[in-house]
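Report on the structure
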Amino acid sequence: MSGLGLSYPPPVSGHPLDGCRAPDLELSDGTLHRRLAVDRFLLADFTPDAVFTPLRSARVEVAQALPWSGLSTALVRPDGYIARAWTAPGIEEVAAALRSWTTPAPAPTHLSP
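What this report covers is the structure whose coordinates are included nearby. Fair warning: this is a prediction, and the values are worked out from it, not measured in the lab.

**Examining the sheet that holds strand S4 (residues 60-64)**
Spatial strand order, S4-S3-S5-S6: 4 strands in an open sheet with mixed pairing. This sheet does not close on itself; its edge strands, each paired only once, are S4 and strand S6 (82-86). Within this sheet the neighbouring strands show an average axis-to-axis angle of 15°, counted without direction. For strand S3 (residues 41-45) and S4, the ladder comprises 5 bridges, and the chain directions are parallel. Counted as the bridge partner of Leu-43 is Val-62 from S4. Sheet contacts for helix H2 (residues 91-102): S3, S4, strand S5 (73-76) and S6; angle to S6, the most-contacted strand, approximately 175°.

Rendered as structure tokens:
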């Protein structure tokens, strides 16, 4: 038994693929499942001119991918689920989502007994 068939409900304003397990997409240098890492998200860039490459960071790897499902880009969580998918986003919209998904929550100031 495995949880690969599970999906999470997408946000109200999200793409229908948000929360779904990502298939093993073809990347310019391998496949998505082989590139997943426990400590980093993967931003699959489906644009022909690598528009989203500048968004690479210590927590987000950007990989060129072959066209899929009419998307421009998709943020894949380390566990292989699609955090966010976009068909025609601006780079600032994607950057804001990356910050939202990868910025650690602040530590509590005190713990109640």
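There is more to say after this.
**Notes on the nonpolar core**
By size, the foremost hydrophobic cluster in this structure holds 15 residues, and its most contacted members are Leu-27, Leu-32, Leu-42, Phe-46, Leu-71 and Ala-85. Counting only elements with at least two residues in this core, the list comes to S3, S5 and S6. Not counting the four nearest positions on each side in its chain, Leu-27 is found in contact with Leu-32, Arg-35, Leu-42, Ala-63, Gln-64 and Ala-65. Leu-43, Phe-52, Leu-75 and Ala-97 belong to the second-largest nonpolar core, a separate cluster that totals 13 residues.

**Observations regarding the pattern of salt bridges**
It is possible for side chains bearing opposite charge to pair when their charged atoms get close. A full pass over the atoms with the stated rule returns 5 salt bridges. Here Arg-84 makes a salt bridge to Asp-18, at a shortest N to O gap of 3.4 Å. Residue Arg-84 is located in strand S6, and its partner Asp-18 is located in the segment before strand S1 (26-27); the two are separated by 66 residues in the primary sequence. By relative accessible area, Asp-18 is classed as buried at 1%. One network of salt bridges, with partners in common, ties together Asp-29, Arg-35, Arg-40 and Glu-61.

**Description of the environment of Val-51**
When you line up the elements, Val-51 lands in the loop between S3 and S4. Its relative accessible area of 36% is what places Val-51 among the partly exposed residues. Each C-alpha atom of the pair Val-51 and Gly-90 lies 9.7 Å from the other, and the pair is 39 residues apart in sequence. Contacts of Val-51, omitting those with residues within four sequence positions, involve Asp-45 and Ile-91.

Criteria and cut-off values
- Residues numbered from 1 in each chain as written.
- Predicted model: local features only at pLDDT ≥ 70, side-chain atom pairs only at ≥ 80, totals over all residues.
- Heavy atoms only, no water.
- Pairing = 2+ DSSP bridges.
- Helix = DSSP H or I, 4+ residues; strand = E, 2+ residues; numbered from the N terminus.
- Axes fitted to C-alpha atoms, helices over the stretch in contact; angles between N-to-C directions.
- Contact = heavy atoms within 4.5 Å.
- Core = buried A, V, L, I, M, F, W, Y, C linked by side-chain atoms within 4.5 Å.
- Buried < 20%, exposed > 50% of the residue type's maximum accessible area, 1.4 Å probe, protein only.
- Salt bridge = Lys/Arg side-chain N within 4 Å of Asp/Glu carboxyl O.

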